[in-house]
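Chain residues, written in single-letter form:
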Amino acid sequence: MSGYELPVGTCVDMCPAAERAQREKERRLHRFEVAPGCRGHRPRADPQRAVKEYSRPAAGKIRPPPSQLRPPSVLLATVRYLASEVVERTDASRAEVASFVADRLRAVRLDLALQGAGDVEAALVLEAALAVLLAVVARLGPSTAHGPADPMLLQAQVQEGFGSLRRCYALGAGPYPRQATFQGLFLLYNLGSVEALHEILQLPTALRSCPALRTALAVDSAFREGNTARLFRLLRTLPYLQSCAVRCHVGRARRGALARLARALSTPKGQTLPLGFMVHLLALDGPKEARDLCQAHGLPLDGQERVVFLRGHYTEEGLPPAGTCQVLVGNKLGGRTLEEVVTAEEEDEAVDRPKSAA
């Protein structure tokens with residue numbers, strides 16, 4: 001509608017009271033949202049735990065009033081709640097957590113799109129939401145047994161999150177102190193994609209010169225070239241969020257490296273290689289993971305310490321082993337909480353910002 005101005009949300013709760021009442025009545029509360037002691041016949045919503053669920057906008061549907069939309073400050077507080085209180089839950093599977101968090105973050109993005117938020121505050125919400133989603137997906141791992149979490153839907157939502165944030169960067173005036181980091185995350189999540197690389201190379205030279213983007217470009221280059229030693233050396237040095245973004249490509253990179261080793265070393269009588277070398281080269285989490293990786297690709301072992309490369313034995317079936325990725329991802333939290341990582345400003349913000357032409 002010409003001249004129509006988007007409203008600004010006025011809801012101060014993570015979930016509007018009307019939705020809480022409706023979902024109580026329809027018994028659609030998630031167990032994460034139920035008030036303590038009310039899980040019996042008629043569960044009650046806890047206003048401090050209930051989070052607005054995603055509802056697909058329908059053609060012709062009346063826009064929600066401001067009272068049903070959360071302003072950017074509440075949206076940011078909602079994302080922080082999900083990061084601190086839901087993602088870290090130990091009484092639920094990672095699949096259940098991922099399914100819940102992804103849905104609620106999708107609702108966050110929709111609330112933001114339906115109101116007239118400023119570019120900078122919108123970027124802050126989108127950055128935080130995307131960071132939480134990347135961490136949740138990385139913790140889930142690229143497994144086929146996700147239960148309630150649909151891997152394809154999660155992947156689509158990550159890409160949707162990148163799309164919303166990158167459009168915000170492109171259309172707004174900024175400043176966006178974390179743009180280089182999140183443009184780098186986009187490239188790392190889409191490692192090896194010609195389209196993603198092309199989009200990054202279209203960014204201003206000053207932005208591409210930032211350390212976060214230079215590192216992402218170096219990782220992408222090593223991945224494309226099949227330079228295993230350089231790739232995993234770079235992956236070891238990535239911060240936590242960057243490691244979460246690239247997590248989905250680790251299994252494929254290790255498989256490619258193992259295939260190259262098999263082509264180079266396999267003989268009719270067999271050549272052996274220490275598993276310790278494999279652990280170091282591929283940043284594996286220990287000898288057991290190295291043994292599992294080799295056996296999953298048909299390579300026999302010589303005792304517990306060496307792998308044998310026999311001609312014709314290397315095989316690839318199904319998805320590459322996901323691995324636990326403690327070295328490459330999990331250990332990089334360094335005692336911090338996910339909320340601290342998500343809400344942190346750039347450690348070297350003054351260095352990472354594009355330099356002026358002065």
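Remember, predicted model here, so these are calculated numbers, not experimental data. In every chain, residue numbers begin from 1 and rise along the written sequence. With the structure being a predicted model, the display of local features is reserved for residues of pLDDT at least 70 and the display and counting of side-chain atom pairs for 80 or more, all residues being used for whole-chain, interface and lining totals. Side-chain numbers here rest on the full set of heavy atoms in the structure, without hydrogens or water.

Before going further, it helps to examine the overall build of the protein. A run of DSSP states H or I qualifies as a helix once it reaches four residues; a run of E qualifies as a strand once it reaches two. Both are numbered from the N-terminal end. When helices and strands are counted, the protein shows 15 helices and 3 strands. Atoms counted for the radius of gyration: C-alpha only. Globule rule: 2.2 Å times residue count to the power 0.38. For 358 residues, the compact-globule estimate of 2.2 N^0.38 gives 21 Å, and the protein sits close to it at 23 Å. The dimensions of the protein, computed from C-alpha atoms along their principal axes, are 75 × 65 × 40 Å. Counting all 358 residues of the protein, 48% fall into the buried class. Carbon together with sulfur atoms contributes 54% to the accessible area of the protein, which is approximately 17500 Å² in total. The convention is simple: Lys and Arg are positive, Asp and Glu are negative, and His and the chain ends are not counted. Lysine's charge is taken at NZ, arginine's at CZ, aspartate's at CG and glutamate's at CD. Across the protein, 46 positive and 38 negative side-chain charges occur, with their mean positions spaced 4 Å apart. Buried residues are those whose accessible area, probed at 1.4 Å on protein chains only, stays under 20% of the maximum for their type, while exposed residues exceed 50% and partly exposed ones sit between those limits. Note on areas: Shrake-Rupley, 1.4 Å probe, and residue coverage restricted to the protein chains presented here.

With that settled, consider helix 7 (residues 194-201). Three or more residues of helix 7 are buried, namely A196, L197 and I200. Down the axis, helix 7 shows its buried residues gathered within 95 degrees of arc, on one side only. Seen from the buried face of helix 7, the exposed residues on the opposite side, beyond 90 degrees, are V194 and E195. Against helix 5 (151-171), helix 6 (179-189), helix 8 (205-208) and helix 9 (211-225) lie the buried residues of helix 7. Note: the arc covers the axis-to-C-beta directions of the helix. Note on contacts: a residue pair is in contact if any heavy atoms of the two residues lie within 4.5 Å.

The next point concerns the side chain of D46. Tracing the backbone through its elements, the reader meets D46 in the loop between helix 1 (17-25) and helix 2 (72-86). Those residues within four positions of D46 in sequence are excluded, and the remaining contacts are E33, V34, A35 and P36.

This brings us to the pattern of salt bridges. In what follows, salt bridge is the name for a side-chain nitrogen of Lys or Arg lying within 4 Å of a carboxyl oxygen of Asp or Glu. Considering all chains together, one arrives at 22 salt bridges under this definition. Here R106 makes a salt bridge to E160, at a shortest N to O gap of 3.8 Å. Separated by 54 residues along the polypeptide, R106 in helix 3 (residues 94-113) and E160 in helix 5 bring together distant segments of the chain. Two residues, R109 and E160, come together in a salt bridge whose shortest N-O distance is 2.9 Å. Of this pair, R109 sits in helix 3 while E160 sits in helix 5, placing them 51 residues apart in sequence. For E160, a relative accessible area of 32% translates into the label partly exposed. Through salt bridges with shared partners, one network takes in E19, R23, E26, R28, E33, E53, D103 and R104.

To continue, consider the confidence of the model for the protein. Each residue carries a pLDDT value, the predictor's own confidence for that position, ranging from 0 to 100. In this model, the protein carries a mean pLDDT of 89, and residues with pLDDT of at least 70 account for 92%. Note that pLDDT drops below 50 for residues 346-358; the model gives that stretch 16 contacts with residues more than four away or on any other chain.

Three or more residues of helix 10 (residues 228-237) are buried, namely T228, L231, F232, L234 and L235. Summarising the axial view, the buried residues of helix 10 lie within an arc of 155 degrees, below the 170-degree limit, and thus occupy one face. Exposed and oriented more than 90 degrees from the buried face of helix 10 are R233 and T237. Summarising the contacts, the buried residues of helix 10 are in contact with helix 9, helix 11 (240-265) and helix 12 (275-281).

Two strands are counted as paired when DSSP detects at least two bridges linking them. Taken together, 3 strands build an open sheet; the order of strands is 1-3-2 and the sheet is antiparallel. Single-partner strands in this sheet number two, and they are strand 1 (271-274) and strand 2 (301-302). In the sheet, strand 2 pairs with strand 3 (residues 306-309) via 2 bridges, with the strands oriented antiparallel. Along strand 3, the bridge assignment pairs L301 with V307. Interaxial angle, 0 to 180 degrees, is taken between N-to-C directions of lines fitted to C-alpha atoms, where a helix line uses only the stretch in contact. Sheet strands in contact with helix 11 are strand 1 and strand 3, and its direction is about 60 degrees off that of strand 3.

The subject of this paragraph is the side chain of R254. One can find R254 in helix 11. Given the relative accessible area of 2%, R254 is considered buried. Excluding its chain neighbours within four sequence positions, the residues that come into contact with R254 are F232, L282, A283, L284, E289, L293, A322, G323, C325 and L328.

With that settled, consider the packing of helix 7 against helix 9. Their axes nearest at 12 Å, the elements helix 7 and helix 9 cross at an angle of 150 degrees. One way to sum up the angle between helix 7 and helix 9 is to call them roughly antiparallel. The chirality of how helix 7 crosses helix 9 is left-handed. Here V194, L197, I200 and L201 of helix 7 lie close against helix 9, whose contacting residues are L213, L217, D220 and R224. By the convention adopted, Pro, Cys, Tyr, Trp, Phe, Met, Ile, Leu, Val and Ala count as nonpolar, Lys, Arg, Asp and Glu as charged, and the other residues, Gly among them, as polar. Residue composition of the contact of helix 7 with helix 9, by class: 6 nonpolar, no polar and 2 charged. Angle categories are assigned with fixed cut-offs, so that under 35 degrees is roughly parallel, over 145 is roughly antiparallel, 65 to 115 is roughly perpendicular, and the rest are oblique. Rotating anticlockwise by less than a right angle from the far helix to the near helix defines a left-handed crossing, while the corresponding clockwise rotation defines a right-handed one.

Splitting the protein by domain gives domain 1 (7-55 + 65-175) and domain 2 (249-338). Using C-alpha coordinates to define each centre, domain 1 is positioned 37 Å away from domain 2. The interface is formed by 7 residues belonging to domain 1 together with 4 residues belonging to domain 2. Accessible-area loss on putting two parts together, using a 1.4 Å probe and summing over both, is the definition of buried area adopted here. Summing both sides of the interface, domain 1 and domain 2 together bury roughly 480 Å²; the carbon and sulfur share of this comes to 77%. Classifying every residue of the side of domain 1 that touches domain 2 by side-chain character gives 4 nonpolar, 1 polar and 2 charged. Just so you know, the domain bounds were taken from an automatic or database domain assignment.

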